[in-house]
There are 2 protein chains.
Amino acid sequence: MPGKTDLSTLNCSLARALAAAGDWWTLLIVRDAFLGLSRFGEFRESLGIARNILADRLAALTAEGILRQEGTPRRPRYRLTRKGREMMPALVALMQWGDKWQSEGRPPMLLSDESGEALAKVRVTTRRGKEVSAVRFRPGPGANPRTKEFFERRARNAER
Amino acid sequence: MPGKTDLSTLNCSLARALAAAGDWWTLLIVRDAFLGLSRFGEFRESLGIARNILADRLAALTAEGILRQEGTPRRPRYRLTRKGREMMPALVALMQWGDKWQSEGRPPMLLSDESGEALAKVRVTTRRGKEVSAVRFRPGPGANPRTKEFFERRARNAER
DNA sequence: CTGTATCCTTAAAGATACTG
DNA sequence: CAGTATCTTTAAGGATACAG
């Protein structure tokens, strides 16, 4: 996390996503929650993270609405909310990239929890199902001046 | 980035992915590279990042094989390699999550660069095309003892 | 323009002791 | 067991001056 710059000002959904769940521990905690871990001690053991840091991240994730406390306050379980569960495509895509490009040994395999089948590679397609290999961006209706200016600049600079 | 812990030891493809490209600036640089930015100064202007930090990240991304220098060494362009381009599904999935859960105003829209069509939501499916809403994990052939033990522990703890 | 070299500040992470 | 409270360390990030 940069010392000064507040990335959430960057008017970019990626930056905002990273602001909410973008540090290492946070994503790994979410991964563990997908694995079924829910106890403070389970996360701690799994990640080897310091108590205070873990407490801080769990609180932040709860505040963000990615995790929710369940059960007794004295010994809560942390469970993924819908918002949290919907991070799955991003996590799976990241893992698959890591599998392919950063692994020598075989990593754990991903399986569907319902059917136990192996997962396909995550793909990006158009709404009509056509595979996409490159994307570009267009400012949305709510884009701020800075964003609009960025795209105009880009268009002009396309010359070279 | 945690001060001490080396996440790459965690024998998890997500951790390794994050170790390679997991800090805020790095992912945003990659995003900008997808947008077509390639010059030192372009990244700098786009992100408002300090010179030394940017130089460091570009070097790291180049060392990781995510970016590649092209053109003259005096004034290189930084372009995505195949490894870099294959981060697209993860980036798009993260952006879509950010769009849905972290945006009030409308963010830029993602379009296919070939057809200009809008993108579909990234989905996770089994190899036979069945939609997946939850995943579990199975240790791969190359899993280390620690990983295997983790999964055995998990299985035993499934009781509660 | 694209860096490198320094210096400085801050904050994130770890360790540890303690509490309900 | 699940935290909180301190304290310390480290390193990441920013600013700036300078170089090729």
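Since we're looking at a predicted model, the values are computed, not measured.

Asks: What exactly am I supposed to notice about the overall build of chain A here?
Replies: Along its length, chain A carries seven helices and four strands. Seen in sequence order, chain A has helices and strands lined up from the N terminus as α-α-α-α-β-β-α-α-β-β-α. If you take every contact in chain A between residues at least 6 apart in sequence, the share linking residues at least 24 apart comes to 40%. Element-wise, carbon and sulfur atoms account for 49% of the exposed surface of chain A, whose accessible area totals about 8,000 Å².

Asks: Mind showing me how you'd approach the environment of A:E86 here?
Replies: Residue placement: A:E86 occurs in the loop between α5 (82–85) and α6 (88–102). C-alpha separation for the pair A:E86 and A:L54, spaced 32 residues apart in sequence, amounts to 22 Å. If sequence neighbours within four positions are ignored, A:E86 has contacts with B:W97, B:K100 and B:W101.

Asks: I would appreciate a short explanation of the relation of the copies chain A and chain B in the present structure.
Replies: Note on the chain copies: they are related by a rotation about an axis and a translation along it. With an RMSD of 0.0 Å, the fit of chain A onto chain B corresponds to turning through 180 degrees and sliding 0.0 Å along the axis. Interpreted geometrically, this transformation is the action of a two-fold axis. Relative to the rotation axis, the C-alpha of A:A90 is the closest in chain A, positioned 2.6 Å from it. When you check the interface residues of chain A against chain B, 100% turn up at the interface there too, and the contact is symmetric in its surfaces.

Asks: Just checking my understanding: could you explain the interface of chain A and chain B for this structure?
Replies: Put simply, an interface is often sized by how much accessible area is lost when its parts join up. Listed per partner, the contact involves 95 residues of chain A and 97 residues of chain B. Summed over both sides, the interface between chain A and chain B buries roughly 9,600 Å², with carbon and sulfur atoms accounting for 63% of that surface. Counting the contacts that link chain A with chain B gives six salt bridges. Among the salt bridges present, the one from A:E117 reaches B:R128, with a minimum N-O distance of 3.1 Å. At the junction of chain A with chain B, the criterion picks out 28 residue pairs in polar contact (both at pLDDT 80 or more). Of all the secondary structure elements, the ones that give two or more residues to the side of chain A that touches chain B are α1 (13–21), α2 (24–35), α3 (40–47), α5, α6, β3 (109–112), β4 (135–138) and α7 (145–157) of chain A.

Asks: Explain the packing of α2(A) against helix α4 (residues 51–64) of chain A to me, please; I cannot follow it from the model alone.
Replies: Packed helix pairs are characterised by how far apart their axes lie and by the angle those axes make with each other. Residue and element names in this part refer to chain A. Where α2 contacts α4, the axes come no closer than 10 Å and their chain directions differ by 70 degrees. Classified by the angle between their axes, α2 and α4 sit roughly perpendicular to one another. Residue-level inspection shows W25, T26, I29 and V30 of α2 in contact with α4, the latter providing I53, L54, R57, L58 and L61. Here the residues of the contact of α2 with α4 sort into seven nonpolar, one polar and one charged.

Asks: What am I meant to see in the side chain of B:T81 here?
Replies: Residue and element names in this part refer to chain B. As for its position among the elements, T81 is in the loop between β2 (77–80) and α5 (82–85). Judged by relative accessible area, T81 falls into the buried class, the value being 8%. In this structure the side chain of T81 is engaged in a polar contact, spanning 3.3 Å, whose partner is the backbone nitrogen of K83. What T81 contacts, discounting residues up to four positions off in sequence, is G65, I66, L67 and R68.

Asks: What exactly am I supposed to notice about the layout of surface pockets here?
Replies: Any empty space left between atoms is shown by rolling a water-sized probe over those atoms. Of the volumes computed, that of the largest pocket is approximately 710 Å³. Surrounding the largest pocket, 29 residues form its lining, A:Q96, A:W97, A:K100, A:K121 and A:V122 being those nearest its centre. Sorting the residues of the lining of the largest pocket by element identifies α6 and β3 of chain A together with α5 and α6 (88–102) of chain B as the ones contributing at least two each. Sort the elements by how many residues they give to the lining of the largest pocket and α6(A) lands first, with six residues.

Asks: Can you help me understand empty space enclosed by the protein in this one?
Replies: Per the stated rule, a full pass over the model turns up two cavities of 30 Å³ or more. For the largest cavity, the calculated volume is near 40 Å³. The wall of the largest cavity is formed by A:R31, A:F34, A:M88, A:L91, A:V92, A:M95, B:V135 and B:F137. Residues of the lining of the largest cavity, tallied by class, amount to seven nonpolar, no polar and one charged.

How each quantity is defined
- Residues numbered from 1 in each chain as written.
- Chains lettered and ligands numbered in written order.
- Predicted model: local features only at pLDDT ≥ 70, side-chain atom pairs only at ≥ 80, totals over all residues.
- Heavy atoms only, no water.
- Helix = DSSP H or I, 4+ residues; strand = E, 2+ residues; numbered from the N terminus.
- Contact = heavy atoms within 4.5 Å.
- Areas by Shrake-Rupley, 256 points an atom, 1.4 Å probe, with all protein chains shown as cover.
- Least-squares fit on C-alpha atoms with pLDDT ≥ 70 in both.
- Buried area = accessible area lost by both parts, 1.4 Å probe.
- Salt bridge = Lys/Arg side-chain N within 4 Å of Asp/Glu carboxyl O.
- Polar contact = N/O pair within 3.5 Å; in protein donor to acceptor, adjacent residues only side chain to side chain.
- Axes fitted to C-alpha atoms, helices over the stretch in contact; angles between N-to-C directions.
- Parallel < 35°, antiparallel > 145°, perpendicular 65-115°, else oblique.
- Nonpolar A, V, L, I, M, F, W, Y, C, P; charged D, E, K, R; others polar.
- Buried < 20%, exposed > 50% of the residue type's maximum accessible area, 1.4 Å probe, protein only.
- 1 Å grid on protein atoms, 1.4 Å probe; cavity = no way out; pocket = protein on both sides within 12 Å on 5 of 7 lines; lining within 4 Å.
- Points joined across faces, edges and corners; volume = space filled by probe spheres on them.

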